[in-house]
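Architecture and fold: a report
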Amino acid sequence: MARVEVLEGPQGMLFGRNSSAGVISIVTNAPDPDSFSAEGHADLGTLDNYIGHAVVNIPVADNAAFRIAGAYSQSPNTQFNHYDGTHFNVDAESVRGRFKWTPRRASQSA
């Protein structure tokens, strides 16, 4: 995450009509065409709860890169239904990608 912006008050001009109380804007890191990188994080808890996050930055060319991030979380048996004797399981997956390309000016030959 690059930064978090908290904007107070009505932001109708910037973010639409439903932002009368303000806006929280989360800005992610931009892809970096200079280097390959990979990061991961995992949390393990009791009752088979776990959360995993991973992000990979892949340079495609010297002026372009692709960054992909994903997450998975599982919280089994978090709620019990007394009526039918079943448990409610929470499973969540997410993936997002971002591509950055910086065009170059064509060289002029004289």
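Residue positions within a chain follow its written sequence, with the count starting from 1. At least 70 in pLDDT is required for a residue's local features to be given in this predicted model, at least 80 for side-chain atom pairs to be given and counted, and no such filter applies to totals for whole chains, interfaces and linings, which use all residues. In computing side-chain properties, one takes all heavy atoms of the structure into account and sets aside hydrogens as well as water.

By definition, a salt bridge exists where a carboxyl oxygen of Asp or Glu is found within 4 Å of a side-chain nitrogen of Lys or Arg. Evaluated as defined, the whole model comprises two salt bridges. Here Arg3 makes a salt bridge to Glu5, at a shortest N to O gap of 2.8 Å. Put simply, Asp62 and Arg104 hold a salt bridge, and the shortest N to O gap is 2.3 Å. Taken as a pair, Asp62 in the loop between strand E4 (50–61) and strand E5 (64–81) and Arg104 in the segment after strand E6 (86–101) lie far apart in primary sequence, 42 residues in all. Strands are runs of DSSP state E lasting at least two residues, helices are runs of H or I lasting at least four, and both sets are numbered from the N terminus onward.

Each Phe, Tyr or Trp ring (for Trp, its six-membered ring) is paired with any other whose centre lies within 6.5 Å, and the angle between the two planes then decides the class: stacked below 30 degrees, edge-to-face above 60, tilted in between. Scanning all chains against the criterion turns up one aromatic pair. When the ring of Tyr50 is compared with that of Tyr72, the centres are 5.9 Å apart and the planes differ by 45 degrees; the resulting orientation is tilted. Placement of the pair is Tyr50 in strand E4 and Tyr72 in strand E5, with a sequence separation of 22 residues. Remark: exposure states derive from per-residue accessible area (1.4 Å probe, protein chains only) relative to the maximum for the residue type, with buried under 20%, exposed over 50%, and partly exposed in between. On the accessibility criterion, Tyr50 (31% relative accessible area) is partly exposed. Using a relative accessible area of 29% as the deciding quantity, one classes Tyr72 as partly exposed.

Turning our eyes to something else, we now look at the environment of Ser35. Within the secondary structure layout, Ser35 lies in the loop between strand E2 (22–27) and strand E3 (37–44). Through-space distance from the C-alpha of Ser35 to that of Pro59 is 6.3 Å; in sequence the pair is 24 residues apart. Throughout, a contact is declared for two residues whenever any of their heavy atoms are within 4.5 Å. Discounting residues that sit within four places of it in the chain, Ser35 has contacts with Asn57 and Pro59.

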